[in-house]
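# Descriptive structure summary
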Amino acid sequence: MRVLLVEDDPMVGAAVAQALRDAAYAVDWVQAGQRALQTLAIQAYGVVLLDLGLPERDGMEVLRHVRAQGQAVPVLVITARDTLDDRIRGLDAGADDYVLKPFAMGELLARMRAVIRRQGGVAGPVLSNGVLTLDPATKEVCWADQCCRLTGREFALLQALLLRPGAILSRSELEDRIYGWNEEVESNAVEFLIHALRKKLGSGAIQNIRGMGWMVEKDQ
Ligand code: CA
C-alpha cells in the first residue's frame, strides 16, 4: 500500500519513512504543505500521515483542502499539539485518527492498520475473500488449513488484490500500490511477485486476466 508521509522534521521523517518501508509500505515523503497538496492532486494513496506544524501551509489547512475536494483517503495526524482543542479541531476537519509525538512506531503501524481497515469497510483485522485470509499485522496468509509468511512486497501485492476482491488490477495499478518514488521497478517485477505468490498459495489463488491484469475471486 502506498503512503504519503507529510513531515518537515528530517530526523522524524527519515525514521518514519524507513520504518514504513520495513513494514512493506511504499512511501512518498514530502516536507511542506503545498507540496503535499500538489502530490495528492496527482497520486492516489492508501493512507496519508500528516504532521500539523508544516512550512507554507500547515497540516490543518492541507486536511481541510483534501476533504473539501471530496478525497476520502484515510488521514492519520501525527502531531505534538496535544491539547484537547487541537485534537477536536483535527477530527472535525476530517482526520481519521491521531498519534501524538513522541510515539512508538508499533503504535503508529497499528493505528494505520485500523484506519485502513475501516476505510475498506472491514470490521475484523484480517482481509479475506473467503479463500485466502491475510493478516496485515503478521503478514501471514492462510488458505484451507495451511498458513505461510509473505515477504514485504508479496504482502503489498496480495493486500492490494484482497482490498478489492473481484476487481482486476493492471500491472501499473499494482506497481503504483507497491512502489514509492525513487524505487527502481524492474519491468517484470509484478509478474515475478505473482509467480512467487502462486508458488506459495497454489496457482489458482490469483487469476490472470489476459491483457488486463490480475484479481482474486470475490467471496461467494
Ligand atoms: Ca512539524
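Residues numbered from 1 in each chain as written. Predicted model: local features only at pLDDT ≥ 70, side-chain atom pairs only at ≥ 80, totals over all residues. Heavy atoms only, no water.

Glancing now at the pairing of strand 3 (residues 47–51). Strand 3 sits mainly inside the fold: five of its five residues count as buried. Taken together, the four bridges between strand 3 and strand 4 (residues 75–79) define a ladder with parallel strand orientation. Counterpart to leucine 50 in the pairing with strand 4 is valine 77. (Buried < 20%, exposed > 50% of the residue type's maximum accessible area, 1.4 Å probe, protein only. Helix = DSSP H or I, 4+ residues; strand = E, 2+ residues; numbered from the N terminus. Pairing = 2+ DSSP bridges.)

Before going further, it helps to examine the packing of helix 6 (residues 152–163) against helix 8 (residues 189–201). Viewed as axis vectors pointing N to C, helix 6 and helix 8 meet at an angle of 90°, and their least axial separation amounts to 10 Å. One element, helix 6, and the other, helix 8, form an angle in the roughly perpendicular class. Contacts between helix 6 and helix 8 pair Arg153, Glu154, Leu157 and Leu158 from the former with Val190, Leu193, Ile194, Ala196, Leu197, Lys200 and Leu201 from the latter. In terms of residue class, the contact of helix 6 with helix 8 is made up of eight nonpolar, no polar and three charged. (Axes fitted to C-alpha atoms, helices over the stretch in contact; angles between N-to-C directions. Parallel < 35°, antiparallel > 145°, perpendicular 65-115°, else oblique. Contact = heavy atoms within 4.5 Å. Nonpolar A, V, L, I, M, F, W, Y, C, P; charged D, E, K, R; others polar.)

A few words now on the side chain of aspartate 51. Relative to the helices and strands, aspartate 51 is located in strand 3. Polar side-chain contacts of aspartate 51 include one of 3.3 Å to the side chain of lysine 101. Contacts of aspartate 51, omitting those with residues within four sequence positions, involve Val6, Glu7, Asp8, Gly59, Ile78, Thr79 and Lys101. (Polar contact = N/O pair within 3.5 Å; in protein donor to acceptor, adjacent residues only side chain to side chain.)

For side chains of opposite charge, pairing can occur when their charged atoms come near one another. Evaluated as defined, the whole model comprises 12 salt bridges. Glutamate 61 serves as the salt-bridge partner of arginine 57, at 3.1 Å between the closest nitrogen and oxygen. Glutamate 61 gets classed as partly exposed once you look at its relative accessible area, which sits at 36%. Between aspartate 96 and arginine 67 there is a salt bridge, with the nearest N and O atoms lying 2.9 Å from each other. (Salt bridge = Lys/Arg side-chain N within 4 Å of Asp/Glu carboxyl O.)

Binding of the calcium ion to the protein goes through Asp8 (OD), Asp51 (OD) and Gly53 (O), at separations of 2.1 to 2.3 Å. Read from N- to C-terminus, the donor residues coordinating the calcium ion fall into the pattern D-x42-D-x1-G. Assessed through its relative accessible area of 5%, aspartate 51 is described here as buried. (Donors = N, O, S within 2.8 Å, 3.2 Å for Na, K, Ca; no water.)

With that settled, the discussion passes to the state of the cysteines. By definition, a disulfide links the sulfur atoms of two cysteine residues through a covalent bond. Counted by the stated rule, this structure contains one disulfide. Two residues share a disulfide in this structure: cysteine 142 and cysteine 147, whose sulfurs sit 1.9 Å from each other. Disulfide cysteine 142 to cysteine 147: torsion about the S-S bond roughly 105°, handedness right-handed. For cysteine 147, a relative accessible area of 45% translates into the label partly exposed. (Disulfide = S-S within 2.5 Å.)

Taken domain by domain, the protein chain holds domain 1 (2–119) and domain 2 (127–215). Inter-centroid distance (C-alpha atoms) of domain 1 to domain 2 is 25 Å. Taken together, the 14 residues of domain 1 in the interface contact 13 residues of domain 2. Here domain 1 packs against domain 2, burying approximately 1,000 Å² in sum over the two surfaces, 53% of which is carbon and sulfur. Counting the surface domain 1 buries against domain 2, the share from its top three residues, Arg2, Ala24 and Arg113, is 44%. Scanning the region where domain 1 abuts domain 2 turns up one salt bridge. With its nearest N and O atoms 3.5 Å apart, the salt bridge here joins arginine 2 to aspartate 176. Of all the secondary-structure elements, those providing two or more residues to the side of domain 1 that touches domain 2 are strand 2 (26–30) and helix 2 (33–42). By residue number, the principal contributor to the side of domain 1 that touches domain 2 is strand 2, which donates five residues. Across the side of domain 1 that touches domain 2, the residue classes tally to eight nonpolar, two polar and four charged. (Domains from an automatic or database assignment. Buried area = accessible area lost by both parts, 1.4 Å probe.)

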